[in-house]
Amino acid sequence: MSCGGFSDPKTATEEEQLICNAVKNKAEELAGKNFDEFTAKKSRTQVVAGINYLIKVHVGGKEYVHLLVFQPLPYEEKPPVLTGIQGIPKHWDDELVPF
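One structure accompanies this document, and this report is about it.

What counts, and at which threshold
- Residues numbered from 1 in each chain as written.
- Predicted model: local features only at pLDDT ≥ 70, side-chain atom pairs only at ≥ 80, totals over all residues.
- Heavy atoms only, no water.
- Helix = DSSP H or I, 4+ residues; strand = E, 2+ residues; numbered from the N terminus.
- Buried < 20%, exposed > 50% of the residue type's maximum accessible area, 1.4 Å probe, protein only.
- Contact = heavy atoms within 4.5 Å.
- Lys, Arg positive; Asp, Glu negative; His and termini not counted.
- Charge placed at Lys NZ, Arg CZ, Asp CG, Glu CD.
- Pairing = 2+ DSSP bridges.
- Phe/Tyr/Trp six-rings, centres within 6.5 Å; stacked < 30°, edge-to-face > 60°.
- Expected span 1.5 Å × (residues − 1).
- Bend = angle between axes of the 7 residues up to and from the residue.

Examining the overall build of the chain
Here is step 1 of the chain: A count of helical and extended segments in the chain gives one helix and five strands.
Here is step 2 of the chain: Shown N-terminal to C-terminal, the secondary structure of the chain runs as helices and strands in the order β-α-β-β-β-β.
Here is step 3 of the chain: For the chain, the spread of C-alpha atoms along the principal axes amounts to about 35 × 30 × 20 Å.
Here is step 4 of the chain: Expressed as a percentage of the 99 residues in the chain, the buried residues total 42%.
Here is step 5 of the chain: Across the chain, the fraction of contacts at a sequence separation of at least 24, relative to all contacts at a separation of at least 6, is 49%.
Here is step 6 of the chain: For the chain, the separation between the mean place of its 11 positive charges and that of its 14 negative charges on side chains is 4 Å.

Here's the deal with the sheet that holds strand S1 (residues 10-11)
Here is step 1 of the chain: Strands sit in the order S1-S2-S3-S4-S5 across an open sheet of five strands; the sheet is antiparallel. Either end of the sheet is taken by a strand with one partner, and the two such strands are S1 and strand S5 (81-90).
Here is step 2 of the chain: The pairing of S1 with strand S2 (residues 39-48) spans two bridges and is antiparallel. Paired with Thr 11 across the bridge in S2 is Lys 42.

Here's the deal with the packing of aromatic side chains
Here is step 1 of the chain: By the definition in use, this model includes two aromatic pairs.
Here is step 2 of the chain: Ring geometry for Phe 35 against Phe 38: centres 5.7 Å apart, planes inclined by 25°, an arrangement best described as stacked. Of the two residues, Phe 35 and Phe 38, both sit in the buried class.
Here is step 3 of the chain: Consider the rings of Tyr 64 and Trp 92, whose centres lie 5.7 Å apart with planes at 50°: the pair is tilted.

Some remarks on helix H1 (residues 14-31)
Here is step 1 of the chain: In this model H1 runs 24 Å from its N-terminal to its C-terminal C-alpha over 18 residues, within 8% of the 26 Å that 1.5 Å per residue would give.
Here is step 2 of the chain: Along H1, the largest kink reaches about 55° and is centred on Val 23.
Here is step 3 of the chain: By the burial criterion, the buried members of H1 are Glu 16, Gln 17, Ile 19, Cys 20, Val 23, Ala 27, Glu 28 and Ala 31.
Here is step 4 of the chain: For H1, the secondary structure elements touched by its buried residues are S1, S2, strand S3 (50-60), strand S4 (63-72) and S5.
Here is step 5 of the chain: Gly 32 occupies a position one or two residues after H1 and carries a positive phi of about 75°.

As for the pairing of S4
Here is step 1 of the chain: The buried count for S4 comes to eight of 10 residues, which makes it a mostly enclosed element.
Here is step 2 of the chain: In this antiparallel pair of consecutive strands, S3 and S4, the connection spans two residues, and Gly 61 shows a positive phi of 55°.
Here is step 3 of the chain: Bridging between S4 and S5 involves seven bridges; their strand directions are antiparallel. From the neighbouring strand, His 66 faces S5, where its bridge partner is Gln 86.

Structure (structure tokens):
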């Protein structure tokens, strides 16, 4: 990882799944469709004044979306914020790159 850049891709964690759960409704709104499945598979992180998460999410079949989510610092006691969505569809082999 370069200074200020995103980490290398890794398998998504339970914490990242919880973040996805928190932004699912907004993701569906922005995508204009409901997702039967919404499972975090891979992620990258960037430490800023909080954490930016870039997450590959399986949404059913062979389809994925990429989410950009900002998690404020814990003392702020604020929920994660979906700042971007790409795909509809993306695929498993699509690289997880910042957007």
